[in-house]
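Overview (structure and organization)
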Amino acid sequence: FGEGSCRVVFRVMLEAAIDFGGTLTKVIVASRDGETRWMGPSPVRPQPSDVADLLASAGCPDPEALSLLAVTGGPSAQFSLEWEGVSVLAIDEAEATAHGGLLGGAQAPAIVVSIGTGTGIVLVREDGSFERLIGSGIGGGTALGLARLLLGEQSVAAYGQLAAAGSVQSCDLTVG
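Now for a description of the structure that goes with this document. (Residues numbered from 1 in each chain as written. Predicted model: local features only at pLDDT ≥ 70, side-chain atom pairs only at ≥ 80, totals over all residues. Heavy atoms only, no water.)

**As for the environment of Ser31**
As for its position among the elements, Ser31 is in strand E2 (residues 25–31). Linking Ser31 and Ser67, residues 36 residues apart in sequence, is a C-alpha distance of 9.8 Å. (Helix = DSSP H or I, 4+ residues; strand = E, 2+ residues; numbered from the N terminus.)

Now the structure itself:
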């Protein structure tokens with residue numbers, strides 16, 4: 001995915017997924033040989049018309065290189081079964097959370113928590129079936145909003161830098 005590597009990478013078919021979150025949009029592009037590239041959270045609220053730009057930001061400037069595009073969240077319901085000649089698979093957010101948790105290393109049965117704009121908690125059973133247990137409107141979007149109000153920052157990267165420079169030893173984390 002680096003300079004000059006596009007010709008080699010695009011000989012293999014790629015798959016991509018986009019999560020249109022309420023606060024942030026995330027994109028991942030993966031080749032069948034396991035090489036992955038993702039675009040960090042985008043603070044904009046893109047629409048289906050912005051997909052080509054999102055994919056290009058994640059290292060896939062040519063939609064014809066894709067064999068599959070999976071979408072979830074926000075405007076994903078606006079997609080047809082095909083986009084630019086690529087098969088589109090719209091996935092329910094709870095299902096995406098369940099499978100993402102297992103791909104991330106959780107062993108079923110598991111409770112997988114997705115903290116985005118809101119927070120979703122999903123039970124994944126040993127047979128791979130899943131159940132949405134509960135959801136809340138309070139999540140990462142709330143944290144971003146509070147940080148912006150308290151710190152005057154609007155960049156997720158700046159929040160990460162501030163957190164890395166901090167020390168938990170200077171905080172009183174006891175219940176009392």
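**Some thoughts on the pattern of salt bridges**
Taken as a whole and judged by the stated rule, the model has 3 salt bridges. We note a salt bridge from Lys26 to Asp19, for which the minimum N-O separation is 3.4 Å. Residue classification places Lys26 among the partly exposed residues on the basis of a relative accessible area of 26%. One salt bridge connects Arg132 with Asp92, and the closest N-O pair in it is separated by 3.4 Å. A residue pair is termed long-range when its members are at least 10 positions apart, and Arg132 in strand E9 (residues 130–136) and Asp92 in the loop between strand E6 (86–90) and helix H3 (93–103) qualify at 40 residues. (Salt bridge = Lys/Arg side-chain N within 4 Å of Asp/Glu carboxyl O. Buried < 20%, exposed > 50% of the residue type's maximum accessible area, 1.4 Å probe, protein only.)

**Focus: the pairing of strand E7 (residues 110–115)**
The two faces of a sheet get side chains in turn, since along a regular strand they alternate between them. Note: E7 against strand E8 (residues 119–124), 6 bridges, orientation antiparallel. From the neighbouring strand, Ile115 faces E8, where its bridge partner is Thr119. What sits between the antiparallel neighbours E7 and E8 is a turn of 3 residues. (Pairing = 2+ DSSP bridges.)

**Some details on the nonpolar core**
Of all hydrophobic cores here, the largest spans 20 residues; its most connected members are Ile18, Val27, Val29, Val51, Leu55, Leu69 and Phe79. Going through the elements one at a time, strand E1 (14–20), E2, helix H2 (51–57), strand E4 (66–72) and E6 are the ones with two or more residues in this core. Top element by residues in this core is E1. It accounts for 4 residues. If you look at the next biggest cluster of nonpolar residues, it comprises 6 residues, including Ala94, Ala98, Val112 and Val124. (Core = buried A, V, L, I, M, F, W, Y, C linked by side-chain atoms within 4.5 Å.)

**Focus: H3**
Along H3, the residues classified as buried are Ala94, Thr97, Ala98 and Gly101. Down the axis, H3 shows its buried residues gathered within 95° of arc, on one side only. Contact partners of the buried residues in H3: E7, E8 and E9. One side-chain oxygen at the N-terminal end of H3 lies 2.9 Å from the backbone nitrogen of Ala94; it belongs to Asp92. (Arc of directions from axis to C-beta. Contact = heavy atoms within 4.5 Å. Polar contact = N/O pair within 3.5 Å; in protein donor to acceptor, adjacent residues only side chain to side chain.)

**Considerations on the sheet that holds E7**
Strand order in the open sheet made by the 3 strands is E7-E8-E9, with antiparallel pairing throughout. Of all the strands in the sheet, just E7 and E9 have a single pairing partner and so form its edges. Going from strand to strand, the sheet's axes swing by 20° on average, the running direction of each strand aside. Sheet topology note: the E8/E9 ladder contains 6 bridges and is antiparallel. Bridging across to E9, Val122 finds its partner in Arg132. Across the sheet, H3 touches E7, E8 and E9, and the angle it forms with E8 is around 65°. (Axes fitted to C-alpha atoms, helices over the stretch in contact; angles between N-to-C directions.)

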